[in-house]
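Each chain, written out:
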Amino acid sequence: MKTERVVEDVFRFSDEFGPARIVHIHRPSAGLKAIAVIDNTACGPAVGGVRMAPDVSLEECFRLARAMTWKNAAAGLSHGGGKSVIFGDPRMPASHKEQIIRAFADSIRDLTDYIPGPDMGTDELCMGWIKDETGRAAGLPSAVGGIPLNEIGATGFGLAAAVEIACGHIGLELNGARFAVQGFGAVGKHAARFLAQEGAVLVAASDTGGTLADPAGLDVSALVALKDSGRPLHDHPRGQKLDGDAILDIDCDIWIPAARPDVVRADNVHRIKARLMPQGANIPCTSEAEKALHERGVLVIPDFIANAGGVICAATEFHGGTERTAFDQIDTRIRTNTRLVLEDSRHRSVLPRDAALALAERRVRAAMETRRWR
Ligand code: NAD
């Protein structure tokens with residue numbers, strides 16, 4: 001019987017930007033299987049999260065590493081892009097998790113051009129273990145000099161700054177503007193807090209338990225306190241209780257996705273009524289949906305411009321900055337980049353995402369010009 005030999009193209013992800021290195025890690029005694037992708041380091045050592053999940057893959061790791069190359073370059077950081085994935089259930093017993101994370105850290109000890117950060121399935125404590133093993137990690141616990149980016153709302157703060165710039169761009173008065181937030185977690189609730197400080201009115205918010213809506217405005221501080229105590233939005237005594245999907249139909253000026261990928265698709269994009277969509281979540285729209293929004297005149301601020309507050313904060317921490325410096329850096333960088341992207345998008349009549357990618361590519365190419373090995 002003739003067997004067909006399938007030759008896998010191990011360089012199938014390669015293009016002019018990277019990836020520079022793909023490392024498969026296997027430590028049977030620790031039960032560790034992981035992959036690290038260092039994509040492009042022209043701007044500096046790669047920064048990117050460590051994701052732990054049972055169903056991660058090389059392809060996912062590469063796509064996330066490339067996304068970090070663009071996000072870090074677009075944010076103007078002196079860092080390239082990388083990512084790593086660990087195969088496993090993040091809810092495993094703590095002692096086993098520590099063993100796996102430490103074994104992972106030991107395995108990437110010599111990958112000195114990769115600085116790990118937290119991502120789905122890992123947290124500040126995990127970064128503390130990695131720093132303890134290797135001397136480098138970002139997103140550390142405050143006990144060892146970290147800036148607690150989710151606690152202070154770094155990404156939500158940046159998102160609100162992007163919204164302010166975009167409002168000026170489309171002639172929308174932020175004071176009194178009505179906004180809705182899908183996913184009232186670390187990103188969503190802090191974005192709501194900072195926008196409410198500018199006079200914007202939260203008319204709906206959702207979490208996994210459903211949507212809470214009130215056209216007259218919800219009490220943001222009460223909802224943040226509710227979520228901080230571990231309770232769902234539907235436990236709030238006021239407002240209409242609707243199902244989770246109802247958030248899509250809310251009549252508002254600003255609609256903020258801050259939960260999962262691909263929530264706005266070709267089949268439901270017509271339900272979005274807002275004029276502005278600052279993307280807190282990563283890839284919340286399919287590309288068809290994003291194009292449809294653009295054609296309808298809905299201004300989308302692409303994820304890797306609008307939600308860069310977290311990585312700017314992590315990079316500030318890595319370089320020894322304080323919480324105050326982190327807020328200043330997020331404010332300056334996100335305002336500048338949002339303005340550049342929206343102006344270029346208008347000037348060349350292209351999608352904001354295409355303008356943002358062009359900005360990031362220009363910065364990476366310019367950095368590559370300075371390197372001997374590109
Ligand atoms: P989180 O877990 O703190 O919050 C997520 C919230 O979304 C929770 O309130 C959860 O109940 C809700 N949720 C989950 N599925 C939902 C659904 N189908 N409908 C409505 N609500 C739903 O997570 P986070 O850190 O706030 O991250 C949210 C998104 O932002 C993710 O896509 C993440 O990748 C992205 N992001 C986060 C950061 C950061 O700094 N945390 C930075 C950049 C991007």
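Relevant structure appears above.
Keep in mind it's a predicted model, so treat the numbers as computed, not measured.

So, how was this worked out
- Residues numbered from 1 in each chain as written.
- Predicted model: local features only at pLDDT ≥ 70, side-chain atom pairs only at ≥ 80, totals over all residues.
- Heavy atoms only, no water.
- Helix = DSSP H or I, 4+ residues; strand = E, 2+ residues; numbered from the N terminus.
- Buried < 20%, exposed > 50% of the residue type's maximum accessible area, 1.4 Å probe, protein only.
- Near = heavy atom within 4 Å.
- Polar contact = N/O pair within 3.5 Å; in protein donor to acceptor, adjacent residues only side chain to side chain.
- Areas by Shrake-Rupley, 256 points an atom, 1.4 Å probe, with all protein chains shown as cover.
- Nonpolar A, V, L, I, M, F, W, Y, C, P; charged D, E, K, R; others polar.
- Pairing = 2+ DSSP bridges.
- Expected span 1.5 Å × (residues − 1).
- Contact = heavy atoms within 4.5 Å.
- Axes fitted to C-alpha atoms, helices over the stretch in contact; angles between N-to-C directions.
- Salt bridge = Lys/Arg side-chain N within 4 Å of Asp/Glu carboxyl O.

Further remarks concern unusual backbone geometry. Excluding glycine, residues mostly have negative phi values, and the peptide bonds linking residues are mostly trans. Note the cis peptide between Gly18 and Pro19, where omega equals -5°. Note on placement: Pro19 falls in the segment before strand S1 (21–27). In this structure, Asp262 takes a positive phi of about 55° despite not being glycine. Relative to the assigned elements, Asp262 resides in the loop between strand S10 (254–257) and strand S11 (276–278). With a phi angle near 35°, Ile283 is a residue other than glycine that sits in the positive phi range. With respect to the secondary-structure elements, Ile283 resides in the loop between S11 and helix H8 (287–295). Note on Ile283: relative accessible area 40%, which makes it partly exposed.

Attention shifts here to the site of the ligand. In the region of the ligand, 20 residues are neighbours, and Asn150, Thr155, Ala186, Val187 and Ala259 sit closest. Contacts to the ligand include Gly185, whose backbone N or O atom sits 3.5 Å from an oxygen atom. Gly280 places a main-chain nitrogen or oxygen 3.4 Å from an oxygen atom of the ligand. In isolation the ligand has 830 Å² of accessible area, and contact with the protein removes 69% of it. When contributions to the shell around the ligand are tallied by element, the ones reaching two or more residues are helix H4 (149–152), helix H6 (186–197) and strand S7 (201–207). Each residue belonging to the shell around the ligand can be placed in one class, and the counts come to seven nonpolar, 10 polar and three charged.

Time to look at the pairing of strand S2 (residues 32–40). Counting buried residues in S2 gives eight out of nine residues, a clear majority hidden from the surface. The pairing of S1 with S2 spans seven bridges and is antiparallel. The partner of Ile22 across the bridge, within S2, is Val37. Looking at chain direction, S2 and strand S4 (residues 80–87) are connected through six bridges and run antiparallel. Pairing of Ile35 across the sheet is with Val85, part of S4.

Here we come to H6. Along its 12 residues, H6 runs 17 Å from first to last C-alpha, staying within 8% of the 16 Å computed at 1.5 Å per residue. For H6, the elements touching its buried residues are H4, helix H5 (154–170), strand S6 (178–182), helix H7 (220–228), S10 and helix H11 (323–348). Phi turns positive one or two residues past the end of H6, at Gly199, with a value near 95°.

Right, let's get into the sheet that holds strand S5 (residues 114–118). On the basis of which strands lie adjacent, the open sheet formed by five strands has the order S1-S2-S4-S3-S5 and mixed pairing. Bordering the open sheet on either side are S1 and S5, each of which pairs with just one other strand. On average, adjacent strands in this sheet sit at an angle of 20° to one another, irrespective of strand direction.

Let's shift gears to the pattern of salt bridges. All told, the structure shown has 30 salt bridges when counted by the stated rule. Of the charged contacts in the structure, one is a salt bridge between Asp39 and Arg66, with a shortest N-O distance of 2.6 Å. On the criterion of sequence distance, the pair formed by Asp39 in strand S2 and Arg66 in helix H1 (residues 58–74) is long-range, its members being 27 residues apart. This pair shows no difference in class: Asp39 is buried, exactly as Arg66 is. The residue Glu133 makes a salt bridge to Arg102 at a minimum N-O spacing of 2.8 Å. Residue Glu133 is found in helix H3 (residues 124–134), and its partner Arg102 is found in helix H2 (residues 94–107); the two are separated by 31 residues along the sequence.

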